[in-house]
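Chains, contacts and geometry: an overview
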Amino acid sequence: MSNDINQQFAVSIIVSNQSGTLTRISSLFSQRNFNIDSFTCGVTNNPEVSRMTITATGDVNKKEQLLKQITKLYDVKKVELMTCENTILRELLIAKVNAKGESLQTILDAANVFRSKVVDMSPESVCIEMTGESSKLNAFLTYIAPYGILEYCRTGLIAVERGSKCLYGVK
Amino acid sequence: MEQSGCQILIETLIEQGVTTIFGYPGGQVLNIYDELYKNKHRISHVLTAHEQGAAHAADGYSRSSGKVGVCLATSGPGATNLITGLATANADSIPMVAITGNVPMELIGSDSFQDVDTFGLSIPVTKHSFRVNTVETLAETVREAFRLAKSGRPGPVLVDIPKNIQIDKTEYSPMGIAEKIPDAKPNTALLDQALEMINNSKRPIVYCGGGVINGNCADVTTKLVEKTDAFMVCSMMGLTAMDNSHPKYLGMSGMHGRFAASKAISECDLVIAAGVRFTDRATGNRQKFAPNAKIIHLDIDSAEHGKNIDAALKIPGDLHFALSYITSKLEPQKHPQWEELVHSYKNKTKDFYAPDGYLLPWQIIAAVNQRAAPETNIATDVGQHQMWVAQYYNFKKPRTLQTSGGLGTMGYGMGAAIGAAMATGSKTVLFTGDGSFGMNLNELATAVSQNLPLIVVILNNGVLGMIRQWQNLFFQNHFMSSNLERKTDFVKLADAFGATGLRATNLTELNEALDQAFALASPVVIDCLIPDEENVFPMVPPNGSLENIILK
């Protein structure tokens, strides 16, 4: 595969749990002209650190630079590129869809097929919660688009490696 | 015994070996200044004219001595004025610690007087920055700042201390100097591969950058050059990596590099790159950089590998170890044909050095060079004069050049020269232009109040020379905003500041002025009038290569 083909990739980062760390990581992206596709951050089982998952798009060189530049940051404890084959990738979607008239049943059927949950209903709309890989959420959104999506919200990917190996040992 | 935050700060600075700090007082650092007052005999504070000058002075202090320079500023405008200085040091990997006071924590973010997000502002222009949130963590944070500034690839670190932390009390126990984190040892299997590549090379170049200076590798670099029988080419940051009068020294390559250096790079079969990051100004068109060569890239920062140039062999880790290992294992090489070829290029470039009757930049630099000692500090600002110094000055010792390479900060020179003079006690010459000098000439006041042995040589052409040169070459002589049309009398200006002012319009006057200036141990400004049409050559246009070189 050529080195200059753009591909999306996910990076997991363990950072020390301090104020300013988030700013520093996001600042790196604008500083180095990297585009973030999604960015999630949350607590972990170790209260001293937070875990971030960043997805970005770029060629092999861009990806390598990104990993190295993140690794250099003082607050960063561990960085790992998540390979698609061996990673559980999940994203959460909540979509509010127009459910007037006859479209309601079609939407509910689709929600069922995509194994999502209906979490709210009103006479005019229905709210659907769905988790999965981004491509699944995209497929669902494409399917229901003709019925009228009122609004939706996505969390961005989180990623964990399969098997017993951990990104960062508990202290 | 319990001590206040400011007491702890000063004690920690002293404990870290700091003897001089550069700064400017203000509302949120008054407690710190009071502590400096009480410790006058243990640590000296140099009041600059502007916080930017303090940051550049700390930077010049660091570049000239290898010690960590320290500057101090108040919150708000004090902190924002440091930013250019921090960015300058960051671009050139200079170890520095900047201390800023901030408003008390309960006022941070409330738009109180002189409240600005110092921490946020500092992020992209520092190696790291800390905000101290409790007095208990203050001493360790300051120590960590010093450790971080000098470890690995060095850089500036900022410590922001809110006022309440300066006043709060806690126990303090002194510690020793925070040692730098040992550099990772390079992989010797890779170094053995490098050895093999060197053994197979017929036309080697050792290409040095600022990492050679930062890593104190000048001696071993010279040995490597001699043993490989290579020529030494450098980036601007590596100019002092070797005695410039060494027969193997070719000097700077790149946009305004010497012809022989650029030619040697384009014809060599091996580049041993040490602590250099291949910036656009140094390489020109990267596809055409060293087209016939394999590159061995030695650098402490593995993120530099593959960033600008994809080297055949990338070796991260301690540069000194790598160079020493290669040098000790290598059988001495001989490359007479390469030697002869490159010397023929060297001789060709002599043509560009010819005088033609005016007071010309190279004459001024040569005249200073004649009088300077090997340890004389040479500071520059940014622009044509900086390139002329890089091309013509004959450096003898590492760390004797203070210049803003990566960021190209006009106005850098005055502060840097002050810092270098204070760090070394040596005679210091600042080469500047009338444009650059105009940016931070206020620091002449600092040079006078410190009575420094500083000679400011202004290459005064009445224009922003490098801007004018680009307008001349690439913008059909549209000299927009590059003719200064000022009436500043630099001799009177020097006098007004309490320095000695002299003017030179020809070589005789220049020699007299320099004799006088070198005899004095106080600040002197020499206004040297040079023609405005003088351009810096050779020049490789942006993104060009040797094929596009403009020689005259």
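Here the structure is a predicted model, which is why all the values come from computation and not from measurement. (Residues numbered from 1 in each chain as written. Chains lettered and ligands numbered in written order. Predicted model: local features only at pLDDT ≥ 70, side-chain atom pairs only at ≥ 80, totals over all residues.)

A word on the sheet that holds strand β14 (residues 313–316) of chain B. All names here are of chain B. One open sheet holds the 6 strands; their spatial order is β11-β10-β9-β12-β13-β14, and the pairing between them is parallel. Every other strand in the sheet has two partners, leaving β11 (249–252) and β14 as the edge strands with one partner each. Each strand of the sheet is rotated relative to its neighbour by a mean of 15°, with strand direction disregarded. As paired elements, strand β9 (residues 204–208) and strand β10 (residues 231–234) share 4 bridges and run parallel to each other. If you follow I205 over to β10, its bridge partner there is F231. Sheet contacts for helix α8 (residues 188–200): β9, β12 (270–274), β13 (294–299) and β14; angle to β14, the most-contacted strand, approximately 135°. (Pairing = 2+ DSSP bridges. Helix = DSSP H or I, 4+ residues; strand = E, 2+ residues; numbered from the N terminus. Axes fitted to C-alpha atoms, helices over the stretch in contact; angles between N-to-C directions. Contact = placed C-beta atoms within 7 Å.)

What follows concerns the packing of helix α1 (residues 5–15) of chain B against helix α2 (residues 30–38) of chain B. All names here are of chain B. Interhelical geometry of α1 versus α2 gives an angle of 55° and a closest axis separation of 9 Å. Relative to α2, the element α1 is oriented oblique. Of the two possible hands of crossing, α1 and α2 adopt the one that is right-handed. Only N31, I32, E35 and L36 of α2 make contact with α1, whose side of the interface consists of C6, Q7, L9 and I10. In terms of residue class, the contact of α1 with α2 is built from 5 nonpolar, 2 polar and 1 charged. (Parallel < 35°, antiparallel > 145°, perpendicular 65-115°, else oblique. Left-handed = near helix turned anticlockwise from the far one by under 90°. Nonpolar A, V, L, I, M, F, W, Y, C, P; charged D, E, K, R; others polar.)

A separate point is the pairing of strand β5 (residues 87–98) of chain A. All names here are of chain A. Pairing of β5 with strand β9 (residues 158–161), which is carried by 4 bridges, proceeds in the antiparallel orientation. Directly across from L89, in β9, lies its bridge partner A159. In terms of strand pairing, β5 meets strand β8 (residues 149–154) through 5 bridges, oriented antiparallel. Directly across from V97, in β8, lies its bridge partner I149.

Cross-referencing UniProt, the feature "domain: Thiamine pyrophosphate enzyme N-terminal TPP-binding" (unreviewed entry) maps to residues 5–118 of chain B in the present numbering. Between the C-alpha atoms that bound residues 5–118 of chain B there is a distance of 19 Å. The span itself is 45% helix and 18% strand. (UniProt positions renumbered as here; feature names shortened; annotations may be inferred.)

A separate point is the UniProt feature "domain: ACT" (unreviewed entry) in chain A. The UniProt record annotates "domain: ACT" (unreviewed entry) at residues 10–84 of chain A. The span residues 10–84 of chain A carries 32% helix and 43% strand; its end-to-end C-alpha distance comes to 9 Å.

With that settled, consider the nonpolar core. Within the largest apolar cluster, 174 residues are counted, with the highest numbers of intra-cluster contacts made by C71, I205, A274, V457 and I526 of chain B. Per element, the largest residue contribution to this core is 9 residues, and it comes from helix α17 (residues 412–424) of chain B. When sequence neighbours within four positions are dropped, the list of residues in contact with I205 of chain B reads A230, F231, V233, A264, I265, C268, L270, V271 and I272 of chain B. Counting residues in hydrophobic clusters, the runner-up holds 19 residues, among them V15, V49, V76 and M82 of chain A. (Core = buried A, V, L, I, M, F, W, Y, C linked by C-beta atoms within 7 Å. Buried ≥ 20, exposed ≤ 12 C-beta atoms within 10 Å, placed from the backbone.)

Let us look at the pairing of strand β3 (residues 44–47) of chain B. Residues and elements named next belong to chain B. In terms of strand pairing, strand β2 (residues 20–23) meets β3 through 4 bridges, oriented parallel. Looking at the pairing, T20 lines up with S44 of β3. Where the polypeptide runs from β2 across α2 and back to β3, its parallel neighbour, the crossover connection is right-handed. (Right-handed = clockwise from strand over helix to strand, strands pointing away.)

Moving on, we get to the interface of chain A and chain B. Across the boundary between the two partners, chain A contributes 12 residues, which contact 11 residues of chain B. Looking at the side of chain A that touches chain B, the elements that each hand over two or more residues are α1 (21–31) and α2 (60–72) of chain A. The element that contributes the greatest number of residues to the side of chain A that touches chain B is α2 of chain A, accounting for 6 residues. Considered class by class, the residues forming the side of chain A that touches chain B number 1 nonpolar, 7 polar and 4 charged.

This paragraph deals with the domain arrangement of chain A. Residue and element names in this part refer to chain A. Split by domain assignment, chain A resolves into domain 1 (7–82) and domain 2 (88–158). If you average the C-alpha positions of domain 1 and of domain 2, the two centres end up 29 Å apart. Listed by partner, the interface residues are 6 residues for domain 1 and 5 residues for domain 2. Mapped onto the side of domain 1 that touches domain 2, the elements with two or more residues apiece are β2 (36–43) and β3 (49–58). Considering only residue class, the side of domain 1 that touches domain 2 consists of 2 nonpolar, 4 polar and no charged. (Domains from an automatic or database assignment.)

To continue, consider the sheet that holds strand β4 (residues 76–82) of chain A. Residue and element names in this part refer to chain A. Read across the sheet, 4 strands follow the order β2-β3-β1-β4 without closing on themselves; strand pairing throughout is antiparallel. Each edge of the sheet is formed by a strand with only one pairing partner; in this case those strands are β2 and β4. The mean inter-strand angle of the sheet, taken between neighbouring strand axes irrespective of direction, is 15°. Note that strand β1 (residues 7–16) and β4 share 6 bridges and pair antiparallel. The residue of β4 that forms the bridge with I13 is V79. α1 contacts β1, β2 and β3 of the sheet and is inclined by roughly 150° relative to β1. Packing against the sheet, α2 makes contact with β1, β3 and β4, and its axis sits at approximately 160° to β4.

For the rest of this paragraph, the subject is the domain arrangement of chain B. Segmentation of chain B into domains returns domain 1 (2–171), domain 2 (188–351) and domain 3 (355–529). Every contact between the two is made by 6 residues of domain 1 of chain B and, on the other side, 6 residues of domain 2 of chain B.

What follows covers the UniProt feature "domain: Thiamine pyrophosphate enzyme central" (unreviewed entry) in chain B. Residues given the UniProt feature "domain: Thiamine pyrophosphate enzyme central" (unreviewed entry) here are residues 191–323 of chain B. Across residues 191–323 of chain B, the secondary structure splits into 33% helix and 21% strand, with the terminal C-alpha atoms separated by 9 Å.

As a further point, take the environment of R42 of chain B. Within the secondary structure, R42 of chain B sits in the loop between α2 and β3. Considered as a pair, R42 of chain B and V271 of chain B are 229 residues apart in the sequence and their alpha carbons are 48 Å apart.

All names here are of chain B. Across the interface, helix α3 (residues 51–65) lies against helix α4 (residues 77–91) with an axial gap of 7 Å and an inter-helix angle of 30°. With respect to α4, the element α3 is oriented roughly parallel. Once α3 is placed against α4, the crossing between them reads as right-handed. Residues E51, Q52, A55, H56 and D59 of α3 pack against G78, N81, L82, T84, G85, L86, T88 and A89 of α4. Looking at side-chain class alone, the contact of α3 with α4 contains 4 nonpolar, 7 polar and 2 charged residues.

Residue and element names in this part refer to chain B. Cis peptide bonds are those with omega within 30 degrees of zero, and the linkage from F537 to P538 qualifies with 0°. With a phi angle near 40°, A290 is a residue other than glycine that sits in the positive phi range. In this structure, A290 sits in the loop between α12 (280–283) and β13. Phi is positive for N543, close to 60°, though the residue is something other than glycine. Position of N543 relative to the elements: it lies in the segment after β20 (524–529).

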